[in-house]
Structure formats: C-alpha cells, structure tokens
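# Architecture at a glance
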Amino acid sequence: MLIKPGQRSSAVRDIQRRLIALEYQIAPGELDGRFGDTTFAAIRAFQERRGLVVDGLVGDETWRELVEASWRLGDRTLYLRAPSLRGDDVRALQDRLGALGFDVGRVDGIFGPRTARALREFQANYGIPGDAIVGRSTLRALAGLPALGGETSGAAVREREEMRRFGPGIAGLHVVLDPGHGGDDPGFSGPGGEREDSVAFAIARRLEAVLKASGVIVYPTRESDRAPTDSQRASLANALGADLFFAIHTAGSSDAAANGAITYFFGHERFRSEAGARVAECIHAEILGLGVADAGVHAKQYAVLRETRMPAVQIEPGHLTNAADGARLADDAFQRRLAEAIADGLRTFARSPVAPAQ
Ligand SMILES: [Zn+2]
C-alpha cells in the first residue's frame, strides 16, 4: 500500500480521521478525502514525531503506526498472542509496569513474552489472578497506584546490566548484518547513479570479512538480489538469538548539499535503548574518524530497530545524494576503511559496553 499526495479516496479520509484524533490539523477543504498540502504536512509531522522515515507518504509502516498510535490503554484486552499485539496502549502498559519496578525490557509497544511475564508478576504482587491478561481488574489496579514519575529508569538500568555480558573481546559474538533495501527497492540513488541497496550490500560484504577475521559469527539478512521486509529481517535476527544487529544503509536527502554520517538506535520520547545508543556512539565516532561530516546519532523507531530483541543500530556512513559523500561511499578503498572503522567501533563497545562516567 502506498497513499500519496494528489489522491482522493476513502483510505485518505480514514488517514485524516486518525490524524485529527491525534490532534494534527487538516484544512477543511481537504476533509473530503483529498490528499492535499495540509494532509501531507500532518503526515510528515506524525512521521517525525514517531521516529519514522519522513517522506509524507503513507506506506505500510506509516499506516501501521497510525493504527498503533490510536490505541489507548483500556480500549481492548491485552494479552500474549501471535502475532503480538502492538500499539500505544501496550507502550503505556510497559511504561507503567516499568515505572513500578517490573522488568518489561524495552518500552517498544509490542506485547511479547517479557511483557507478559512482568504483567504476571505485577498481578501476583497486587493480588490479582495471574493470567497475564490486561482486563478490568488489572486496569483498575494499574490506575489506582501512585505515579512514580514518568521515567522508566528501571528498564534503562536493567539494560545497562545486561550489557555487562559483552566483552572484553568481540570473538564469538553473533552479529546480524543487514544491508538495506534490495530487489525492487533501490533505496536512495546518487548523482552518479549509485544505488543505496548495492552500496550497502558492498559495505556489508566487506564488514563481514573483517568481522569474521576477528572470530565474529556473522549472519547476512539477504542475498544481493533479494529484499525481505524489515520485519522479516528483525524476525530472522530474533530467531537466531543474535547478540547484535547492524543495518547498513546510506543517508539521502532532496537537498544535494546535505551530507554526513548518521547512526540510529531504538528510542522514542519515553524510552531509549541504552545498549543501542552505546553501540551507535562507538561506531559513529570511528566513522567520523575517517573524515566524514557528523550528521548525528539519533533515536528512531524503524522496524529493524524496534522489532529486534538485541541491541540494534542502523549505520548510514554518509549521504549518497551528496556528490562528495556519494563518491566516497561507492569507492572500494573507502568501503574497506569503513568496514575496519565499524569493526573498531564494535571493539570499543565490547571493551566498555557502558559509557565511562563523564
Ligand atoms: Zn535506506
């Protein structure tokens, strides 16, 4: 599914209704289901806020996020099922349980086994039948408890503890390498016709060789001609029980002057993956060491970051749409140095998985 500016349909009307419920403004003239300027602006603002790719188009991921954003705790019964229930109600539940000191893991809005376990523990503690189902009695108990501040610091502390299992070396680590896009989806294109999918694939190949030489066990998510969905890539990593997940992309922009490396990890306004942030910072610093401009380390909710159960980063070592960055990204020798830099970043992380105190 892809809904774009200029279309007029009941699907656009449905999107507008959801945006309005989330307090975005749509001009009255567009409310007949016309995808005009204010709908476009509202979609972009929504994508920005939710940590998605900001393109103003409604594809599968943005649509799913719109649906998820509409759920409020109490709207429906929450329990463990396959596929997992997802939404802001699950996120609110995790946020609440985490603030009360129960181990929900990451506040990702996905009702998985860990959320079920934390919920059962909560129920046992508060004398509610431990069925791991959020029904009326659980909602009442959750609502009746005093707020312990908004921060889910418990989850962050626990994640920091889990990171201590890394290191000091990288030999024996299981790392999933995920070159972005592929198949019919080229990703960004450079001024010289370079395609993001093939640049990412080439970098991943080189990184695979460098990591293997250091004893890391590497799993690529795709062949050069294949394009699994982002959720499939994340499920593969989860099924493998990998220690780390590296998505390799390039950045891109409609502004040809935009340049620099960006590294992403999982997070949103209520939560950040401490482990993901640390891996991202270590790798990003090494990439900057190659002389690439700094476009920052940022929290995002991309599916590969959110749905993976291990620390995950998305590495974008430059803007393919920028002439200087693009030429470098496509260059053999630079790709080799890049692979070494990413491996060095991983080594720094393994040596000190928790950032030294400032
Ligand atoms: Zn990409």
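Residues numbered from 1 in each chain as written. Predicted model: local features only at pLDDT ≥ 70, side-chain atom pairs only at ≥ 80, totals over all residues. Heavy atoms only, no water.

The next point concerns the overall build of the protein. Tallying secondary structure elements over the protein gives 13 helices and seven strands in all. The C-alpha radius of gyration of the protein comes to 21 Å, within 12% of the 21 Å expected for a compact globule of 358 residues. Here the protein holds 358 residues, and 50% of them are scored as buried. Residue pairs at least 24 apart in sequence account for 67% of intrachain contacts in the protein once pairs closer than 6 positions are excluded. One way to put it: in the protein the 44 positive side-chain charges average out to a point 4 Å from where the 47 negative ones average out. (Helix = DSSP H or I, 4+ residues; strand = E, 2+ residues; numbered from the N terminus. Rg over C-alpha atoms; globule rule 2.2 N^0.38 Å. Buried < 20%, exposed > 50% of the residue type's maximum accessible area, 1.4 Å probe, protein only. Contact = heavy atoms within 4.5 Å. Lys, Arg positive; Asp, Glu negative; His and termini not counted. Charge placed at Lys NZ, Arg CZ, Asp CG, Glu CD.)

Let's shift gears to the coordination of the zinc ion. Donor atoms from the polypeptide that bind the zinc ion are H181 (NE2), E196 (OE) and H249 (ND1), placed at 2.0 to 2.1 Å. Taking relative accessible area as the criterion, H181 reaches 18% and is therefore assigned buried. (Donors = N, O, S within 2.8 Å, 3.2 Å for Na, K, Ca; no water.)

This part is about helix α3 (residues 60–69). Residues of α3 that are buried include every one of T62, E65, L66, E68 and A69, and no others. The buried residues of α3 occupy an angular sector of 165° when projected down its axis, which confines them to one face. Summarising the contacts, the buried residues of α3 are in contact with α1 (10–21), α2 (37–49), α4 (88–99) and α11 (303–306). (Arc of directions from axis to C-beta.)

Let's shift gears to the pattern of salt bridges. Across all of its chains, the model carries 23 salt bridges by this definition. D32 is the salt-bridge partner of R8, the closest N and O atoms lying 2.4 Å from each other. Residue R8 is found in the segment before α1, and its partner D32 is found in the loop between α1 and α2; the two are separated by 24 residues along the sequence. A salt bridge links R306 to E68; the shortest N-O distance between them is 2.8 Å. One end of the pair, R306, is in helix α11; the other, E68, is in helix α3, with 238 residues separating them in the sequence. (Salt bridge = Lys/Arg side-chain N within 4 Å of Asp/Glu carboxyl O.)

Another aspect to go through is the packing of aromatic side chains. Scanning the entire structure with this criterion turns up six aromatic pairs. Between the aromatic rings of F102 and F122, the centroid separation amounts to 5.7 Å while the plane-to-plane angle is 90°, which identifies the pairing as edge-to-face. One end of the pair, F102, is in the loop between α4 and α5 (113–125); the other, F122, is in helix α5, with 20 residues separating them in the sequence. Accessibility expressed as a relative area gives 0% for F122, which makes it buried. Site record: aromatic cluster; members linked through ring pairs are F102, F122 and Y126. One cation-aromatic arrangement involves R76 over W71; the distance from NZ or CZ to the ring centre is 3.9 Å. (Phe/Tyr/Trp six-rings, centres within 6.5 Å; stacked < 30°, edge-to-face > 60°. Lys NZ or Arg CZ within 6 Å of the ring centre and 35° of its normal.)

So, about the nonpolar core. Core analysis: the biggest nonpolar cluster contains 42 residues, and L211, L244 and F246 have the highest contact counts within it. If you list the elements that add at least two residues to this core, you get β1 (174–179), α8 (196–213), β3 (244–248), β4 (261–268), α10 (274–288), β7 (312–316) and α13 (332–351). The dominant element in this core, judged by the number of residues it contributes, is α13, at nine residues. Among the nonpolar cores identified, the runner-up in size contains 19 residues, and L93, L100, A118 and A141 belong to it. (Core = buried A, V, L, I, M, F, W, Y, C linked by side-chain atoms within 4.5 Å.)

With that settled, consider α1. A rise of 1.5 Å per residue sets the reference length of α1, with its twelve residues, at 16 Å; its end C-alpha atoms lie 17 Å apart and thus fit the reference within 8%. Of all the positions in α1, only V12, I15, Q16 and L19 are classed as buried. Along the axis of α1, the buried residues cluster in a sector spanning 100°; they form a single face. Seen from the open side of α1, the exposed residues pointing more than 90 degrees away from its buried face are S10 and A21. Structurally, α1 contributes buried residues whose contacts are with α2 and α3. Where α1 begins, the capping side chain belongs to S9, and its oxygen is found 3.3 Å from the backbone nitrogen of A11. E23 sits one or two positions beyond α1 and adopts a positive phi of about 70°. (Expected span 1.5 Å × (residues − 1). Polar contact = N/O pair within 3.5 Å; in protein donor to acceptor, adjacent residues only side chain to side chain.)

A cis geometry characterises the amide bond from A82 onward to P83, with omega recorded as -5°. Relative to the helices and strands, P83 is located in the loop between α3 and α4. The phi angle at E23 is positive, at roughly 70°, despite the residue not being glycine. Along the chain, E23 falls in the loop between α1 and α2. Even without a glycine there, the phi angle at A132 is positive, about 60°. As for its position among the elements, A132 is in the loop between α5 and α6 (136–144). You can call A132 buried: its relative accessible area is 5%.

Relative to the elements of secondary structure, E281 occurs in helix α10. In this structure the C-alpha to C-alpha distance between E281 and F349, which are 68 residues apart in sequence, comes to 8.8 Å. Those residues in contact with E281 that sit more than four places away from it in its chain are R272 and V297.

With that out of the way, let us pick up the side chain of T115. Within the element layout of this structure, T115 appears in helix α5. Here T115 is in contact with L93, Q94, L97, V104 and I110, once residues within four sequence places are set aside.

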